[in-house]
Structure formats: structure tokens, C-alpha cells
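Listed below are the residues making up each chain.
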Amino acid sequence: MVNPAGFRPGSPYRPGSPAGRPQSSGSMHTKVEEELHEMAGIDYDKVTIKHNPSVPVLYEEALTHEVGTVISSAGALCSYSGKKTGRSPKDKRIVEEDISGKDIWWGPVNTKMSERVFLINRERAIDYLNTHPRLYVFDGFAGWDPKYRKKVRVIASRAYHILFMRNMLIRPTEEELENFGTPDFTIFNAGEFPANRYTTGMTSTTSVSVNFKRHEMVILGSEYAGEMKKGIFTVMHYLMPKAGVLSLHSSANEGPDGDVSLFFGLSGTGKTTLSADPKRSLIGDDEHCWSDTGIFNIEGGCYAKCIDLSAEKEPEIFNAIRFGSVLENVVLNEDSRVVDYSDDFLTENTRCAYPIDFIPNAKIPCMGGHPKNLILLTCDAFGVVPPVSKLTPDQVMYHFISGYTTKVAGTEDGITEPTPTFSACFGAPFLVLHPQKYATMLAEKMSTHKADAWLINTGWIGGKAGTVKRCPLKYTRAILDAIHSGALAKGEFETFETFQFQIPKHVEGVPDEILHPRKAWQGSPAEFDASLRNVASMFAENFNTFKDEASPETCAAGPQL
């Protein structure tokens, strides 16, 4: 058979069509090559640069060139991140320089790196990237509000990393891509190549470093894709407050009447589960900003935990895992390619990254008005925090800065009894400025927009973990329904001792006797008193870190011993 005019023998693509066009051709691609050569020394004569490749092309590249990569029975790309299956917070560094240095909250979260060491690591990363026959580049946005969004460029040697960030960042239209211009921030991901641990300031072969002066991030020695996602979140935690916008580690949803709720909470408190409400639209599951006009999601996708995932428990997430999604470090059947979500052989931190529009009730664009309710979630294993409390603005600041929850036996190696965890602003590893800065902005916005704030305990009521059952999810959902309907704010309250919380006397669908921890307590009054004093003392001890920079009103809003 004679080929139609314009078709090459053996090629399924029409020359010049988007599928068949070489990735480095065209004026836009040439411009990107030249930019990478000028600003980073990427040698485009030796390296093929694939700029914003499509999802099918990224699948083909990963399956062809990355060992172990396969397709799951549901159509997701299954990739593996090597030795690192989680973030490396101890290896994160921020460059100390004259522009940002005086603003940064230096300490265990933000460790200093010199500009010289950053340049050594940057050079090492670029040298490695130049040894690859092909590099992948993705240009996308962080932040749905066009007024505040940042242009982000990701350069990586693995197609899986680019597909991951294509899902997690906001994908530009063709017109936006044509007019993308110079990125506001660039990630050099050379995670396959180790850092030199003998370089000054290095503690291992892993290095994740951010330079606000150069608008760059360099990754060495970790192929875990989450480093890029949380790296951009760290960048936004610096840039947004500078622009008068509050950056928040929270999920957000919106009711049928346009009422927005923000959910704060550490791992295991129910942030993702409770914000995924079939009666409300999802704005985002993890990272948001609060500007003068309302809430906007930073991301264009979701990064969900997959351990023990099932269609019955979390149908939205389960059904979002399809062609275009990235599964990380999961175990699957060799023949059927069906994923065993209960298998933690490689890690318990199995993950999936997918575009947010894979969720049926996602609100696109991912923006909303000013929040009506702020939900602070905790999982208290000591049985003394009420199922729901109404907070004053000062209490919000105190508990936002504290970021309290507990880990229980079985969640991590070595944990045999309830262990308190405090993480400032419910996301200390990603903060750049002092927590009081974010807390003050939150209180100001709450006051301006008349938002209510609630502390919800999804943990144990009536006793310690191991002696009673965790608060049933149906009661927590009933509490949220009462908050969203406005009924709870209009109810009658009583004051809870020591913490000075306002506790509702009645919530529709929830037994009255569990609303007050002392009344719900199944042991002796002396045991309750001891547990209450214990938790209050933990709060006070943790807050000693912040009291020098916290206002007197914030300090006074903590538990009174």
C-alpha cells in the first residue's frame, strides 16, 4: 500500500504534528534551550531537551529509560524513588544571603548554607545533568490566582519526576506557555547523583537547597519526588507573606452557598478525609494561600497516601488513580499489574500524584472566597481534648503555633505508647519565617472577615488510647455538618477547665455525654486530672520555644496550670 503524502514509512506520526514533532524543534523550544545554556550551561549540542512533553510521551520515556517502571492495571505509571522513600528534612538547607537572610527563622527547621557551597552543589548537579542524553523540562504555575501565581521551571533527568510535577503544578494553556517568559523559580533535580558529603556543611549524600536570591533549588542524592512539591511550598511560604498573602498548610472545601472551610492538621488527624466531603466542592487537599480576595490553592494536583487505600473507604482517590497518575513505591502483582495497597514492603509512605480535576467534585479554578470556618484538627491520645471547641482569636494563634497531635503505637518504629507531637503552624518543616508571623496574619484575617475557628479532636474520648475507642468518624462528620450549617455557632456553650475552651452543650447527632472530656471519662477523676495536667504541661513546655516572639495575649491563651 502506498503511504499518503507526507507520511514517513514506519512512522505512526504525521511530520509536524504535535505527536511526531521533535521536542527540541520550533522557536519556543530553541528559546528554552538557549535560556538553559545561558543560565545553567546545559549543553544542548549533546543533550536532547524535551520541553513540556505530553503525558503519553512521558510514559514512553519512563518505561523505556527508567529501570523498574511499569504501568498498573488501572493505567497509572508506577515509579520507584530508590533508597529515599520520603523527605529528608535534616538535609534541607536555605542559603544565607543579604536579601532574605534577616527574615528567615534560622534554627533546626531552616539550616544555613553559604552561597559558595550552594554554587558547588549547583555545579555538581548541572555537570551530572549534562551527562544525560536527554533532559526533561516542565514549565508550570504555583498558585491559582493569576495576581500571585509564580512561574516554576523544573529540569530533571527522570521522566517520572516531570510527570509528577506536571500533575502537582498548575498546567499552562498553550497560549500561557508561549508567553511564559523567564521563570520565577527553577528546580535543578539531579537526585540520581549524590552530594559530596565532604563539602562544607553537608551531613550526608543528600542535599536539598533553596536560594531565594538566585530563585533556584538544587536536589542531589534523593529521587523522592515529594522533595520538589514541598520545596515549592517552602518557596511560597517565603514569597507570599512578603506580598501580604498568608500561606497555609491546609486543605479547603466549599459548600453549595459558597462558604469556604479551611482544615489544618498533621498526619493522621483526618485533614484529607474530612475535607473530602461529597456535599462540598474540593478546592485543594494540602497547600493554600489567603489573600485580600479569598482562598486559592497553590497546586494543580493532589498527592495522596496510598497505604491501605480501597474503593470502599476513599472512592474519589481510588478512582483518580488512572492513566496520567503517578504511583510511587507501590507493590503490584507481577502478572496482573494489580496494586496491593496494603503491602508496605518498600515503604508505608506509598503515594499517588494526580491532577486535581481527576476528583469529580473539584472546583476549577481552585479558588474560593474568604473562609467562614477554620478547622484545627488534632488526634489526642490522652483523652482530654474535647471533640469540638470554639476558639477565640488568641486561642487560634496559640494552637496554630503549637500544632498539636499524638502518635500512637504502631504508627512508627519504636513508638509503644501515645507520644505528643508539636509542629508549628501544622507544618513546621516548610516554614521559612517565624511561626508568629503566620499566626498574626491568620488572626488579622480571621478578625477582618469574621471567621469562626474550631478545634476538633478526632482522637480518643473518655480515656487514653488503648482503654477506649477513638471518636467515631460519624460523630466528627456530624460536628462538621453542624459547623457548616451555622447551627453550632448559635448553640449554648460551657467553659472547659485548664484549656479555657468553649464546649457546646449539644450537637445534633452526637451524644451529649461525650462532648465534655471530664463527663465522658471512664476512669477515676484523679486519673483524668493527671492526664489533663500532663497534656497541659506538654503544651506549656513546647510553647517555651516561641514565647519570646509571641505576643502576651497569645501566651496567655494557652492552658492555665
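Residues numbered from 1 in each chain as written. Predicted model: local features only at pLDDT ≥ 70, side-chain atom pairs only at ≥ 80, totals over all residues. Heavy atoms only, no water.

Chemist: Before we move on, can you summarise the overall build of the protein chain with the specific residues and values?
Modeler: Tallying secondary structure elements over the protein chain gives 14 helices and 29 strands in all. Computed over its C-alpha atoms, the radius of gyration of the protein chain comes to 25 Å, within 12% of the 24 Å expected for a compact globule of 561 residues. A principal-axis box enclosing the C-alpha atoms of the protein chain has dimensions of 85 × 55 × 45 Å. The 561 residues of the protein chain split such that 57% are buried. Contacts spanning at least 24 positions in sequence make up 72% of the contacts within the protein chain whose residues lie at least 6 apart. Charged side chains in the protein chain number 58 positive and 69 negative. The centres of these two groups are separated by 2 Å. (Helix = DSSP H or I, 4+ residues; strand = E, 2+ residues; numbered from the N terminus. Rg over C-alpha atoms; globule rule 2.2 N^0.38 Å. Buried < 20%, exposed > 50% of the residue type's maximum accessible area, 1.4 Å probe, protein only. Contact = heavy atoms within 4.5 Å. Lys, Arg positive; Asp, Glu negative; His and termini not counted. Charge placed at Lys NZ, Arg CZ, Asp CG, Glu CD.)

Chemist: A description of the sheet that holds strand S21 (residues 351–355) should follow, citing residues and the corresponding values.
Modeler: Strand order in the open sheet made by the five strands is S2-S3-S18-S21-S17, with mixed pairing throughout. Two strands close off the open sheet at either side, each with one partner strand: strand S2 (70–71) and strand S17 (301–305). (Pairing = 2+ DSSP bridges.)

Chemist: So what's going on with unusual backbone geometry? Residues and values would help.
Modeler: A cis amide bond, omega -5°, links isoleucine 364 with the succeeding residue proline 365. Within the secondary structure layout, proline 365 lies in the loop between S21 and strand S22 (367–368). One non-glycine residue, lysine 450, adopts positive backbone phi at about 55°. Relative to the helices and strands, lysine 450 resides in the loop between helix H10 (435–449) and strand S27 (452–457).

Chemist: Requested: an account of the side chain of aspartate 145, with residues and values cited.
Modeler: Here aspartate 145 is to be found in the loop between strand S6 (134–142) and strand S7 (150–156). Among the polar contacts made by the side chain of aspartate 145, one reaches the main-chain amide nitrogen of lysine 147 at a distance of 2.9 Å. Sequence-distant contacts of aspartate 145, defined by excluding residues within four places in its chain, comprise Ser291, Thr293, Phe296 and Met367. (Polar contact = N/O pair within 3.5 Å; in protein donor to acceptor, adjacent residues only side chain to side chain.)

Chemist: Give me the lowdown on helix H3 (residues 115–130), citing residues and values where you can.
Modeler: An ideal rise of 1.5 Å per residue puts 22 Å on 16 residues; H3 measures up with 22 Å between its terminal C-alpha atoms. Among the residues of H3, Val117, Phe118, Asn121, Arg122, Ala125, Ile126, Tyr128 and Leu129 are the ones counted as buried. (Expected span 1.5 Å × (residues − 1).)

Chemist: Explain the confidence of the model for the protein chain residue by residue, including any values.
Modeler: In the predicted model, the protein chain carries a mean pLDDT of 91, and 93% of its residues have values of at least 70. In this model residues 1–27 is a low-confidence stretch, pLDDT under 50, and it forms 22 contacts with partners more than four residues away in sequence or in other chains. (pLDDT = per-residue confidence, 0-100.)

Chemist: Residue-level account of the packing of helix H9 (residues 393–402) against helix H13 (residues 525–543), with values.
Modeler: Axis separation between H9 and H13 bottoms out at 10 Å; the angle between their running directions is 80°. In terms of axis orientation, H9 runs roughly perpendicular to H13. Contacts between H9 and H13 pair Tyr398, His399, Ile401 and Ser402 from the former with Phe539, Ala540, Asn542 and Phe543 from the latter. Split into classes, the residues belonging to the contact of H9 with H13 amount to five nonpolar, three polar and no charged. (Axes fitted to C-alpha atoms, helices over the stretch in contact; angles between N-to-C directions. Parallel < 35°, antiparallel > 145°, perpendicular 65-115°, else oblique. Nonpolar A, V, L, I, M, F, W, Y, C, P; charged D, E, K, R; others polar.)

Chemist: Describe the packing of aromatic side chains, with residues and values.
Modeler: By the definition in use, this model includes 25 aromatic pairs. Ring centres 6.5 Å apart and planes at 45° place the aromatic pair tyrosine 224 and tyrosine 303 in the tilted group. Of the two residues, tyrosine 224 sits in the loop between strand S10 (216–220) and helix H6 (226–242) while tyrosine 303 sits in strand S17, which places them 79 residues apart along the sequence. Taken together through their ring pairs, the aromatic side chains of Trp105, Tyr398, Tyr404, Phe422, Phe496, Phe499, Phe501, Phe539, Phe543 and Phe546 make up a single cluster. (Phe/Tyr/Trp six-rings, centres within 6.5 Å; stacked < 30°, edge-to-face > 60°.)

Chemist: Give a description of the pattern of salt bridges that names residues and reports values.
Modeler: One pass over the structure, following the stated rule, counts 29 salt bridges. Measuring nitrogen to oxygen at the nearest pair gives 3.2 Å for the salt bridge that ties glutamate 61 to lysine 50. Pair noted here: glutamate 61 is in helix H2 (residues 55–65) and lysine 50 is in strand S1 (residues 48–51), with a separation of 11 residues, a long-range link. As far as burial versus exposure is concerned, glutamate 61 and lysine 50 are alike and both buried. A network of salt bridges, in which partner residues are shared, links Lys229, Lys230, Lys271, Asp286, Glu287 and Glu299. (Salt bridge = Lys/Arg side-chain N within 4 Å of Asp/Glu carboxyl O.)

Chemist: Provide a residue-level description of the sheet that holds S10, including the pertinent values.
Modeler: Within the open sheet, the eight strands sit side by side as S1-S6-S7-S8-S10-S9-S4-S5. Their pairing is mixed. Of all the strands in the sheet, just S1 and strand S5 (111–113) have a single pairing partner and so form its edges. Averaged over all pairs of adjacent strands, the angle between strand axes in this sheet comes to 25°, irrespective of strand direction. Across five bridges, the pairing between strand S8 (residues 185–190) and S10 is parallel. Bridge pairing in S10 places alanine 190 opposite leucine 220. Helix-sheet contacts for H2 involve S1 and S6, and the interaxial angle to S6 is about 140°.

Chemist: Explain the pairing of S10 to me, and be specific about the residues and the numbers.
Modeler: Counting buried positions over the five residues of S10 gives five, a clear majority of the element. Both faces of S10 are covered, namely the face carrying Glu216, Val218 and Leu220 and the face carrying Met217 and Ile219. Bridging between strand S9 (residues 207–211) and S10 involves five bridges; their strand directions are antiparallel. By the bridge assignment, asparagine 211 is partnered in S10 with glutamate 216. Remark: four residues form the turn of the hairpin made by S9 and S10, two consecutive strands paired antiparallel; histidine 215 in that turn has positive phi of roughly 60°.

Chemist: Give a description of the pairing of S21 that names residues and reports values.
Modeler: Looking down a regular strand, the side chains alternate between one sheet face and the other. The buried fraction of S21 amounts to five of the five residues, a majority that puts the element mostly inside the structure. What you see with S21 is no split at all: Arg351, Ala353 and Pro355 on one side and Cys352 and Tyr354 on the other are buried throughout. Bridge count for S17 against S21 is five bridges, and the pairing is antiparallel. The partner of glycine 301 across the bridge, within S21, is proline 355. Pairing of strand S18 (residues 326–328) with S21, which is carried by three bridges, proceeds in the antiparallel orientation. Counterpart to valine 326 in the pairing with S21 is alanine 353.

Chemist: Lay out the side chain of threonine 347 in plain terms, naming residues and giving numbers.
Modeler: Its location among the elements puts threonine 347 in the loop between strand S20 (339–340) and S21. A distance of 3.4 Å separates the side chain of threonine 347 from the side chain of threonine 85, its partner in a polar contact. Those residues in contact with threonine 347 that lie beyond four places of it in its chain are Thr85 and Asn329.

Chemist: Provide a residue-level description of the environment of serine 261, including the pertinent values.
Modeler: Inspection of the secondary structure puts serine 261 in strand S13 (residues 260–264). Overall, the relative accessible area of 0% leaves serine 261 in the buried class. As for serine 261 and glycine 369, which are separated by 108 residues in sequence, their C-alpha atoms are 9.7 Å apart. Once residues within four sequence positions are removed from consideration, serine 261 is found in contact with Ser251, Ala252, Asn253, Arg280, Asn373 and His484. Here the side chain of serine 261 touches histidine 484 through a polar contact of 2.8 Å, side chain to side chain.

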